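Coordinate analysis (summary)
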Amino acid sequence: MKKLDRFIVTSFIGPFVAILFVVIFILMMQFLWVYIDELVGKGLGVKILAEFLLWGTCTILPLALPLSTLLAGMMTLGQMGENNELIALKAAGISLTRVITPLIIISGLISIGAFFTSNDLVPLAYNKIYTLRDDIGKTKEEIKIPSGTFYDGIEGYVLRVKSRNEKTGMLYGLMVYDHSDNKGNNNLTLADSGIIKMSKAKDYLTFKLFKGSNYKETNSWTYRDTSFQLQKIDFDKQAMVIPLKNYAFKQSDTARFGDQVKAMNLTQLFQGKDSLERTQSESHNKFLSGISYEDCILFGKQLDSAAVKDPAKNFHDKNYLKWKNDNEKIMAFQRAEANANEFSGNLNQLKMETFSSTYILRRTKVEMLRKFAQALACLIMFFIGAPLGALIRKGGLGTPAIISVLFFVLYWVIDITGTKLARDGAVSAALGVSISTLVLFPTGMFLTWKAVHDSTFMNTDNFGNWWKKQKSRIMSIFRKTRIVYMGTPEFAIAPLDALMKNNYKIVGVVTTADKPSGRGLKMNECPVKKYAVEHGIPVLQPEKLKDPQFLKSLKDLKADMFIVVAFRMLPEEVWSMPKLGTFNLHAALLPQYRGAAPINWAIINGEHLTGATTFMIDKDIDTGGIILRQELRISDTDTAGDIHDRLMEIGADLVLRTAEGIIEKNVETRIQRSFIQGSEVLMPAPKITKALCFIDWNDSVSRIYNLIRGLSPSPGAYTELTAEGKQSMQMKIFMAEKIYGNGYEEMKKASGKETVHPGDIISDGKTFFAFAASDGALSVKDLQISGKKRMGIKNFLAGFRDAGKYMAVPGTSKSEIDKITMK
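Residues numbered from 1 in each chain as written. Predicted model: local features only at pLDDT ≥ 70, side-chain atom pairs only at ≥ 80, totals over all residues. Heavy atoms only, no water.

Side note on the sheet that holds strand E5 (residues 204–217)
Strand order in this open sheet of six strands is E1-E2-E3-E4-E5-E6, and the pairing throughout is antiparallel. Edge positions in the sheet fall to strand E1 (150–151) and strand E6 (230–243), since each of these pairs with one other strand and no more. (Pairing = 2+ DSSP bridges. Helix = DSSP H or I, 4+ residues; strand = E, 2+ residues; numbered from the N terminus.)

Regarding helix H12 (residues 548–556)
Residues Phe-550, Leu-551 and Leu-554 constitute the buried set of H12. In an axial view of H12, the angular spread of the buried residues amounts to 100 degrees, which keeps them on one side of the axis. Structural note: H12 exposes Pro-548 and Gln-549 on the side pointing more than 90 degrees away from its buried face. The secondary structure elements touched by the buried residues of H12 are strand E7 (482–487), strand E8 (505–510), strand E11 (539–540), strand E12 (561–565) and helix H13 (572–575). Positive phi shows up at Lys-558, right after H12, with a value of about 55 degrees. (Buried < 20%, exposed > 50% of the residue type's maximum accessible area, 1.4 Å probe, protein only. Arc of directions from axis to C-beta. Contact = heavy atoms within 4.5 Å.)

A short note on the layout of surface pockets
Reported here for the largest pocket is a volume of approximately 1300 Å³. Mapped onto the lining of the largest pocket, the elements with two or more residues apiece are strand E13 (582–586), strand E14 (594–595), helix H14 (598–604) and helix H15 (640–663). The class makeup of the residues in the lining of the largest pocket is 22 nonpolar, eight polar and seven charged. The volume enclosed by the second largest pocket comes to roughly 830 Å³. (1 Å grid on protein atoms, 1.4 Å probe; cavity = no way out; pocket = protein on both sides within 12 Å on 5 of 7 lines; lining within 4 Å. Points joined across faces, edges and corners; volume = space filled by probe spheres on them. Nonpolar A, V, L, I, M, F, W, Y, C, P; charged D, E, K, R; others polar.)

So, the sheet that holds E8
Taken in spatial order, the seven strands line up as E11-E8-E7-E12-E13-E15-E16 in an open sheet, and their pairing is mixed. For this open sheet the edge positions go to E11 and strand E16 (626–633), each flanked by a neighbour on one side alone. Across the sheet, H15 is in contact with E12, E13, strand E15 (609–616) and E16; its angle to E16 comes to roughly 155 degrees. (Axes fitted to C-alpha atoms, helices over the stretch in contact; angles between N-to-C directions.)

Considerations on the packing of aromatic side chains
Taken as a whole and assessed by the stated rule, the structure comprises 15 aromatic pairs. With a centroid separation of 5.9 Å and 15 degrees between ring planes, the pair formed by Phe-12 and Phe-16 is classed as stacked. In this pair, Phe-12 and Phe-16 are both assigned in helix H1 (residues 3–39), four residues apart and thus about one turn of the helix distant. For the pair shown, Phe-12 and Phe-16 are each scored as buried. One aromatic cluster in this structure is built from Trp-697, Phe-769, Phe-771, Phe-796, Phe-800 and Tyr-806. We note Arg-670 situated over the ring of Phe-675; from NZ or CZ to the ring centre the distance is 4.2 Å. Taking the ring centre of Tyr-744 as reference, the NZ or CZ of Lys-748 above it sits at 4.9 Å. (Phe/Tyr/Trp six-rings, centres within 6.5 Å; stacked < 30°, edge-to-face > 60°. Lys NZ or Arg CZ within 6 Å of the ring centre and 35° of its normal.)

Considerations on the side chain of Asp-699
With respect to the secondary-structure elements, Asp-699 resides in the loop between helix H16 (690–693) and helix H17 (701–710). Given the relative accessible area of 5%, Asp-699 is considered buried. Those residues in contact with Asp-699 that lie beyond four places of it in its chain are Ile-704, Ala-773, Ser-774 and Lys-814.

So, the pairing of E13
In terms of burial, E13 is a largely internal element, five of the five residues being buried. Side-chain alternation along E13 places Thr-582, Asn-584 and His-586 on one buried face and Phe-583 and Leu-585 on a second face that is also buried. Note: E12 against E13, four bridges, orientation parallel. The residue of E13 that forms the bridge with Ile-563 is Phe-583. Of the pairings in the sheet, the one linking E13 to E15 comprises four bridges and is antiparallel in character. Paired with His-586 across the two strands is Thr-613, which belongs to E15.

Some details on unusual backbone geometry
Cis geometry marks the peptide bond from Ser-712 to Pro-713; its omega dihedral reads 10 degrees. Along the polypeptide, Pro-713 turns up in the loop between H17 and strand E18 (717–723). Unlike most non-glycine residues, Lys-211 shows phi in positive territory, near 50 degrees. Structurally, Lys-211 is set in strand E5. For Lys-211, a relative accessible area of 60% puts it in the exposed group. Phi at Lys-558 takes a positive value of approximately 55 degrees, unusual for a residue other than glycine.

A closer look at a negative patch on the surface
Taken together, Glu-490, Asp-642, Asp-645 and Glu-649 make up a surface patch of like negative charges. Classification of Asp-645 as partly exposed rests on a relative accessible area of 41%. (Patch = residues over 30% accessible without salt bridge, like charges linked within 9 Å, V, L, I, M, F, W, Y side chains within 5 Å. Areas by Shrake-Rupley, 256 points an atom, 1.4 Å probe, with all protein chains shown as cover. Salt bridge = Lys/Arg side-chain N within 4 Å of Asp/Glu carboxyl O. Lys, Arg positive; Asp, Glu negative; His and termini not counted. Charge placed at Lys NZ, Arg CZ, Asp CG, Glu CD.)

Some words on the packing of helix H2 (residues 46–82) against helix H7 (residues 399–424)
Relative to each other, H2 and H7 sit at 150 degrees, their axes nearing to 10 Å. Judged by the inter-axis angle, H2 sits roughly antiparallel to H7. H7 is crossed by H2, and the crossing has right-handed handedness. Across the interface between the two elements, Leu-63, Pro-66, Leu-67, Leu-70, Leu-71 and Met-74 from H2 touch Pro-400, Ala-401, Ser-404, Val-405, Phe-408 and Trp-412 from H7. The class makeup of the residues in the contact of H2 with H7 is 11 nonpolar, one polar and no charged. (Parallel < 35°, antiparallel > 145°, perpendicular 65-115°, else oblique. Left-handed = near helix turned anticlockwise from the far one by under 90°.)

A closer look at the pattern of salt bridges
With the rule as written, the count across this model stands at 21 salt bridges. Across the salt bridge formed by Asp-5 and Arg-98, the nearest N and O atoms sit 2.9 Å from each other. Of this pair, Asp-5 sits in helix H1 while Arg-98 is found in helix H4 (residues 96–138), placing the two residues 93 residues apart along the sequence. Among the residues examined, Asp-5 registers a relative accessible area of 12% and is labelled buried.

Topic: the side chain of Ser-751
Within the secondary structure, Ser-751 is located in helix H18 (residues 741–751). Among the polar contacts made by the side chain of Ser-751, one reaches the main-chain carbonyl oxygen of Lys-748 at a distance of 2.8 Å. (Polar contact = N/O pair within 3.5 Å; in protein donor to acceptor, adjacent residues only side chain to side chain.)

Geometric descriptors of this kind do not, in isolation, establish any biological role.
Take a look at the structure:
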């Protein structure tokens, strides 16, 4: 055995033995309490009581062993976790599975020991217990004569004592009625005082009486002679001997209850089961044979499936259920009723005759299976206790022990219930005995899996959150939280839809006023308004958020909470209105990228990580306490549109979680500066301007590439193409490819240009179309010419001539980016 195994086994054996003794003591007290009435007042010696308790201890071992294994496993692993020994072992590369392997072997040995205890020791103990109880039950209680009342505890005598001297034991005012001849009250002794003594063998009682008289009627009454002869004898001192029977405990030489189910081992139970089944089978066969010839069965062979291949043919008759007249029909039904009642009576009689054997057979089957189930319980309890200790990391007798005992109580209750149901015949013996195993075995496996994978269990914070959630759900039955949703673009639809699908009560939507757009200046509704109208949600579209009429209408909605997604900056009169506050969803990881265009600026600046944040609104822009944040990776090819769609899904989930947390009062806000790491520079996200969209080809390839991605698909980065004698045109670029090094040189060679400057066009007129930048080129893949549809580069080149004569007009994007990033 390795040192580690020796250490773990030693750590387990000590607590196991100690807990086993404690558990046995506790269960023994419960056992003693059950039988206390049978033991008290019998004058039993210490040896008899000790023997009774010893055999009682043996009967509770099958219950004590699983509980001891459970607590010992919990304390061993819990103590190792509390002392950081588990952490040290895991750091050394030793898994929890390896740690508990020797304990699993020990628990297996305990289970084997529990089986032999249940099979060999417990039946013997029950046999002895039953015999002792029978012997004790035959022993009469000790003689204790009370004062002032008649005492009939001595067979054949009734005594009354007026008073007693507790120090000397002297009795005063004695009356003794002798009924030993069964002739009534014809023998009475009165004495001034007396003393009573019992023989050591408790086979007779001696009364020494002083100064008294004895009255006795010496003849019997008859119908001819109704007179009585009275004999009176006065005495100064008289001794009276009363014989006693069964006042001394007599222990049987041999146990005589070996035929009881609990007092049998497996071999005896199997034999008893076979005998009972054979007896029942004979009873059933005898019953079937008898009723086959009863008058209530018209066709005797109809009960014999071997005699007739098709039993239905027994009833085939062309005149079947046809009668000549109503009287014949009535008589037929009356005869059928009488036959059915007779048959039912026969069945009830069989049931009564076989009830006793059926009940004993069920008990026999239950006891057979319990011997295996109780042994298996030790192993199952270990797989509950050990993982609990590893998860809770406390090895004392506090909360971990309480949780462990609760699991054992659950096992005990289920086991008792299942066993009772099986004994009563409500369920099969196998199901009744194994139901506790079926419930707790998956529990043990689940806890072991959690412990092996270092998962948390019974986290108080999680429990508190769960309780608040349940409380909120109950309260929502009576009154749902009223929410006003504020948003405008498509990005705001997903959170609103998620709220609706999760049955949140949206009492109103606030969005921007309709504006004319397009060539016909047709009034255009924003996406959020369209959604609200489709779902029958009231819509408010204020021109100004401080408009008194709007404020009144908003207040009349009686909202408990405002949710803001991609909307305008709110004045304090608005965001301070609801009692639960107002929170906003921002499409960036605050405090980075505060402003109106966080998605665009994160890509323009070449970030590889962004996300979404919910925060409480205050008087400044995007500065309120942060509630939740969720990150999102940005790949080198992602556009603003790609990130927009993914953040919309993340945002919907964050809004749901935040709303739920606020309603349940289960959120904590963190100030934004707590998320700033070291010398991290905060980047702003101002509105996208036309100047920013105008590409400056004097910038680097990577910056222009990020600008194109950050403005795709909307509003789109653009450049202006000019050529001598040609009309200038505007080109929006939605996708491009970075060209450096050899690829750049080959592209120039293919276009026939040896030297290019930023803004020059590099193209072979068929397959590629690129713009030169300060350190390379960008090959356009997806574009749109003003007044035309969006198209791929091949379609564009198919209709574009003299590409080499054009060049790009210097834009303003470089200076705009520098202006923002250099602040």
